[in-house]
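# Structural overview for review
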Amino acid sequence: MTLKEVERFITLLAEAHPNAESELDFVDDYTLLVAVALSAQATDVSVNRVTKGLFRDAPNPAAMVALGEDAVGDHIRTIGLWRTKARNVVALSQALLDQHGGQVPHDRAALEALPGVGRKTANVVMNVAFGDSTMAVDTHIFRIGNRTGLAPGKTPRAVEDQLVARIPAPMLRPAHHWLILHGRYVCKARRPECWRCPATEPCQYTGKVLIAP
């Protein structure tokens, strides 16, 4: 897409989802961080199901450390990679206590240094918790970037860099949510539902099916 087409594409998504926000359930920066870390290779619905009880029993880093790895695992065993995630959640909680006074740091390097926190998780926390104009590239956004011509790239980082460079700055922060919801519910992996898409005009996908089957 040209830069003009990129702006048009994002504008059309914005009009379709004017109140888009994260679908993860959280109450503060800490519970957001944990929820996002748990969401790797798991759906938001499945994460929300397990964090309801987890956050009731451990709403802060000190309580999570006191709860312990085994009990955390009991809460989250229905989601993928739960053993590793339980270990990381307790470890990152301890790191927050030891290094940041129990607070989630507003710093990319500090976030990525936490156990189980990579660039995507850090980007989500910086975007949602701190209002930064970051772009977390998950499987949905990676797919859209390449399929539509919005921001082609061979790696998530390449797509992220393209999106940050090409999306108008005032639109970048909310674009993260618009793109995720579009990929989750319309521009699906196996069969994009182009007949429901508000942005077919600037989209460069060559396999568009504009009539519902």
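Refer to the structure printed above.
Our subject in this report is the structure included herewith. A quick note: this is a predicted structure, and the numbers were derived from the prediction, not measured.

About the cut-offs
- Residues numbered from 1 in each chain as written.
- Predicted model: local features only at pLDDT ≥ 70, side-chain atom pairs only at ≥ 80, totals over all residues.
- Heavy atoms only, no water.
- Phe/Tyr/Trp six-rings, centres within 6.5 Å; stacked < 30°, edge-to-face > 60°.
- Lys NZ or Arg CZ within 6 Å of the ring centre and 35° of its normal.
- Salt bridge = Lys/Arg side-chain N within 4 Å of Asp/Glu carboxyl O.
- Helix = DSSP H or I, 4+ residues; strand = E, 2+ residues; numbered from the N terminus.
- Buried < 20%, exposed > 50% of the residue type's maximum accessible area, 1.4 Å probe, protein only.
- Axes fitted to C-alpha atoms, helices over the stretch in contact; angles between N-to-C directions.
- Parallel < 35°, antiparallel > 145°, perpendicular 65-115°, else oblique.
- Left-handed = near helix turned anticlockwise from the far one by under 90°.
- Contact = heavy atoms within 4.5 Å.
- Nonpolar A, V, L, I, M, F, W, Y, C, P; charged D, E, K, R; others polar.

## Some thoughts on the packing of aromatic side chains
- The final tally for this structure, using the stated rule, is 0 aromatic pairs.
- Over the ring of Trp82 we find Arg77, and its NZ or CZ is 4.3 Å from the ring centre.
- Here the basic side chain of Arg147 rests over the ring of Tyr205, its NZ or CZ set 5.4 Å away from the ring centre.

## Concerning the pattern of salt bridges
- Under the criterion given, the structure shown has 10 salt bridges.
- Here Arg157 and Asp161 are joined by a salt bridge, their closest N and O atoms 3.0 Å apart. Of this pair, Arg157 and Asp161 both sit in helix α10 (residues 156–166), 4 residues apart, which is roughly one turn of that helix.
- Among the residues examined, Arg157 registers a relative accessible area of 43% and is labelled partly exposed.
- For Asp161, a relative accessible area of 39% translates into the label partly exposed.

## Side note on the environment of Ile144
- One can find Ile144 in helix α9 (residues 139–147).
- When its relative accessible area of 0% is taken as the criterion, Ile144 is described as buried.
- In the structure, Ile144 is positioned 44 residues away from Lys188 in sequence and 8.9 Å away in space, judged by C-alpha atoms.

## Side note on the packing of helix α5 (residues 69–76) against helix α6 (residues 82–100)
- Two elements in contact, α5 and α6, have axes separated by 8 Å at closest approach and are oriented at 130°. Between α5 and α6, the angle falls in the class oblique. Judged by the sense of rotation from one axis to the other, the crossing of α5 with α6 is right-handed. Between α5, through Glu69, Val72, Gly73 and Ile76, and α6, the contact on the second element is made entirely by Trp82, Arg83, Lys85, Ala86, Arg87, Val89 and Val90.
- In the contact of α5 with α6, the residues fall into 6 nonpolar, 1 polar and 4 charged.

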